[in-house]
Amino acid sequence: MDVIALPTSPTAAFPLGERLNDPLAMYLADVFTVGASLAGLPAISVPCGFTPGRLPVGLQLMGRPFDEASILLVADAYERDTAWWRATPSGA
């Protein structure tokens, strides 16, 4: 089972509506997730923490082609071992 752990985004989440007038910043927020799509690799993002301002941080897990089962097993194990998925970000 081979899985790579990567950040979901180069920055933490930003408050709703903050970057509406900056399309480049919105585009760059997805820079780490497009690689899996372009390469046809399975990937999933799971919550892995919060900034000091209680904005969510994501962890992306990427696997081998056609090996969705491995990333789902690792994501499930990570979420069972941590409680980030239960926490509520600010503004929610």
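In case you missed it, the structure is sitting above this.
Please read these numbers as outputs of a predicted model, since none were measured by experiment.

Visitor: Is there a simple way to think about the overall build of the protein in this case?
Guide: Regarding its fold elements, the protein presents 3 helices and 3 strands. When the helices and strands of the protein are listed from N to C terminus, the series reads β-α-α-β-β-α. Structurally, the protein occupies a C-alpha span of about 40 × 30 × 15 Å along its principal axes. Counting the 92 residues in the protein, one finds 21% classified as buried. Summarising the internal contacts of the protein: among those between residues at least 6 apart in sequence, 58% fall at separations of at least 24.

Visitor: Would you mind showing me how to read the packing of aromatic side chains here?
Guide: For any two aromatic rings, the description comes down to two numbers: the centre-to-centre distance and the angle of the planes. Applying the stated rule across the entire model yields 1 aromatic pair. When the ring centre of Phe50 is taken as reference, the NZ or CZ atom of Arg54 above it lies at 4.0 Å.

Visitor: Got a minute to help me understand the pattern of salt bridges in this structure?
Guide: It is possible for side chains bearing opposite charge to pair when their charged atoms get close. Taken as a whole and judged by the stated rule, the model has 2 salt bridges. A salt bridge links Asp2 to Arg64, with the shortest nitrogen-to-oxygen separation between them at 2.5 Å. One end of the pair, Asp2, is in the segment before β1 (3-7); the other, Arg64, is in the loop between β3 (56-63) and α3 (68-81), with 62 residues separating them in the sequence. With relative accessibility at 42%, the residue Asp2 sits in the partly exposed group. Here Arg80 makes a salt bridge to Asp76, at a shortest N to O gap of 2.8 Å. One end of the pair, Arg80, and the other, Asp76, are both in helix α3, 4 residues apart, so they sit about a helical turn from each other.

Conventions used here
- Residues numbered from 1 in each chain as written.
- Predicted model: local features only at pLDDT ≥ 70, side-chain atom pairs only at ≥ 80, totals over all residues.
- Heavy atoms only, no water.
- Helix = DSSP H or I, 4+ residues; strand = E, 2+ residues; numbered from the N terminus.
- Buried < 20%, exposed > 50% of the residue type's maximum accessible area, 1.4 Å probe, protein only.
- Contact = heavy atoms within 4.5 Å.
- Phe/Tyr/Trp six-rings, centres within 6.5 Å; stacked < 30°, edge-to-face > 60°.
- Lys NZ or Arg CZ within 6 Å of the ring centre and 35° of its normal.
- Salt bridge = Lys/Arg side-chain N within 4 Å of Asp/Glu carboxyl O.

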